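Secondary and tertiary structure notes
As a plain string of letters, each chain reads:
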Amino acid sequence: GIAAGKTAVATAFAAHGLRHIDADRVAREVADRPEILTALEREFGAAIRAPDGTLDRKAVAALVFSDAAARRRLEALTHPPIRAAILTALDRARADDHSVLVDAPLLLAGGLIECCQVVVFVHADEATRRARARARGWADDELTRREAAQATLAVKRGRADFVVDN
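The present account deals with the structure reproduced in this document.

Basis of the calculations
- Residues numbered from 1 in each chain as written.
- Predicted model: local features only at pLDDT ≥ 70, side-chain atom pairs only at ≥ 80, totals over all residues.
- Heavy atoms only, no water.
- Helix = DSSP H or I, 4+ residues; strand = E, 2+ residues; numbered from the N terminus.
- Rg over C-alpha atoms; globule rule 2.2 N^0.38 Å.
- Buried < 20%, exposed > 50% of the residue type's maximum accessible area, 1.4 Å probe, protein only.
- Contact = heavy atoms within 4.5 Å.
- Areas by Shrake-Rupley, 256 points an atom, 1.4 Å probe, with all protein chains shown as cover.
- Lys, Arg positive; Asp, Glu negative; His and termini not counted.
- Charge placed at Lys NZ, Arg CZ, Asp CG, Glu CD.
- Polar contact = N/O pair within 3.5 Å; in protein donor to acceptor, adjacent residues only side chain to side chain.
- Phe/Tyr/Trp six-rings, centres within 6.5 Å; stacked < 30°, edge-to-face > 60°.
- Lys NZ or Arg CZ within 6 Å of the ring centre and 35° of its normal.
- Core = buried A, V, L, I, M, F, W, Y, C linked by side-chain atoms within 4.5 Å.
- Axes fitted to C-alpha atoms, helices over the stretch in contact; angles between N-to-C directions.
- Parallel < 35°, antiparallel > 145°, perpendicular 65-115°, else oblique.
- Left-handed = near helix turned anticlockwise from the far one by under 90°.
- Salt bridge = Lys/Arg side-chain N within 4 Å of Asp/Glu carboxyl O.

A separate point is the overall build of the chain. In terms of helices and strands, the chain carries eight helices and four strands. Taken over C-alpha atoms, the radius of gyration comes to 16 Å for the chain, in line with the 15 Å a tight globule of 166 residues would show. Looking at the chain as a whole, 32% of its 166 residues qualify as buried. The contacts in the chain between residues at least 6 apart in sequence include a share of 73% that link residues at least 24 apart. If you sum the accessible surface of the chain, you get close to 9,500 Å²; carbon and sulfur atoms cover 54% of it. Mean positive and mean negative side-chain charge positions of the chain (25 and 24 charges, respectively) differ by 1 Å.

This is the structure in structure tokens:
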């Protein structure tokens, strides 16, 4: 789930030799591509740009986590190139004979789960996740709004081979 500590667990696995593909980092890199920024601005208006011309991620999050249709439009523009970049990184790692860990909050929604031999669900209780979300500067309802846009924790956990209690 959101703020459960997926990246901390992924970093621990990576310390033991697994190649770490961070889907959030890939998503940021894709969103910063000039052609994607232009498409996002065309779709959502100039308000999605920060004063320095980069993507204003807070503005985009406020929009798409309060409007399901806007979220679907964002996903239509960004998910295909994000998925392609992750698959390219997976192919490179496998070609180098590396074991790979994909740290992805939308493993199910993006279909990336089909590329995985083992799935680990990282669990943290709700109070811990809410405290971590507040530490990110999120309003109290932000975690709830974002999780409502994803598969439920029970569904995610049900698809996992292992659970790490974080």
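Moving on: the side chain of Arg146. Along the chain, the position of Arg146 falls in helix α7 (residues 142–148). Taking the relative accessible area as the measure of exposure, Arg146 reaches 18% and is therefore buried. At 2.7 Å, the side chain of Arg146 and the side chain of Glu142 are in polar contact. Each residue touching Arg146, except ones within four places of it in the same chain, is listed here: Ile2, Ala61, Phe65 and Trp138.

Moving on to helix α6 (residues 126–135). Think of an α-helix as 3.6 residues a turn; residues three or four steps apart then line up on the same face. Capping of α6 at its N-terminal end is provided by Asp125; its side-chain oxygen lies 3.1 Å from the backbone amide nitrogen of Ala127. Downstream of α6 by one or two residues, Gly137 has phi in the positive range, about 90°.

This part takes up the packing of aromatic side chains. Following the criterion strictly, the structure yields zero aromatic pairs and no others. A cation over a ring is seen here: Arg146 above Trp138, with NZ or CZ 4.1 Å from the ring centre.

Counting residues in each nonpolar core, the largest one holds 25 residues, and the members touching the most others are Leu40, Leu55 and Ile86. No other element matches helix α5 (residues 68–95), which puts five residues into this core. Filtering out sequence-adjacent residues up to four positions away, Leu55 remains in contact with Ala31, Leu37, Leu40, Ile48, Ala50 and Val60.

Next up on the list: the packing of helix α3 (residues 34–44) against α5. Running from N to C, α3 and α5 point in directions that differ by 165°, and their axes come no closer than 11 Å. Accordingly, the angle class assigned to the pair α3 and α5 is roughly antiparallel. In the packing of α3 onto α5, the handedness of the crossing is right-handed. Only Ala70, Arg73, Leu74, Leu77, Thr78 and Pro81 of α5 make contact with α3, whose side of the interface consists of Ile36, Ala39, Leu40, Glu43 and Phe44.

With that settled, consider the pattern of salt bridges. Evaluation of the coordinates by the stated rule reveals 12 salt bridges. Salt-bridge contacts for Asp32 lead to Arg57; the nearest nitrogen and oxygen are separated by 3.2 Å. Taken together, the residues Asp32 in the loop between α2 (23–31) and α3 and Arg57 in helix α4 (residues 57–64) connect sequence positions 25 residues apart. Exposure remark for Asp32: the relative accessible area of 38% places this residue in the partly exposed category. Arg73 is the partner of Glu43 in a salt bridge, and the nearest nitrogen-oxygen pair spans 2.4 Å. Of this pair, Glu43 sits in helix α3 while Arg73 is found in helix α5, placing the two residues 30 residues apart along the sequence. On the basis of relative accessibility, which here comes to 34%, the residue Arg73 falls in the partly exposed class. By sharing partners, the salt bridges in this structure join Glu142, Arg145 and Arg146 into a single network.

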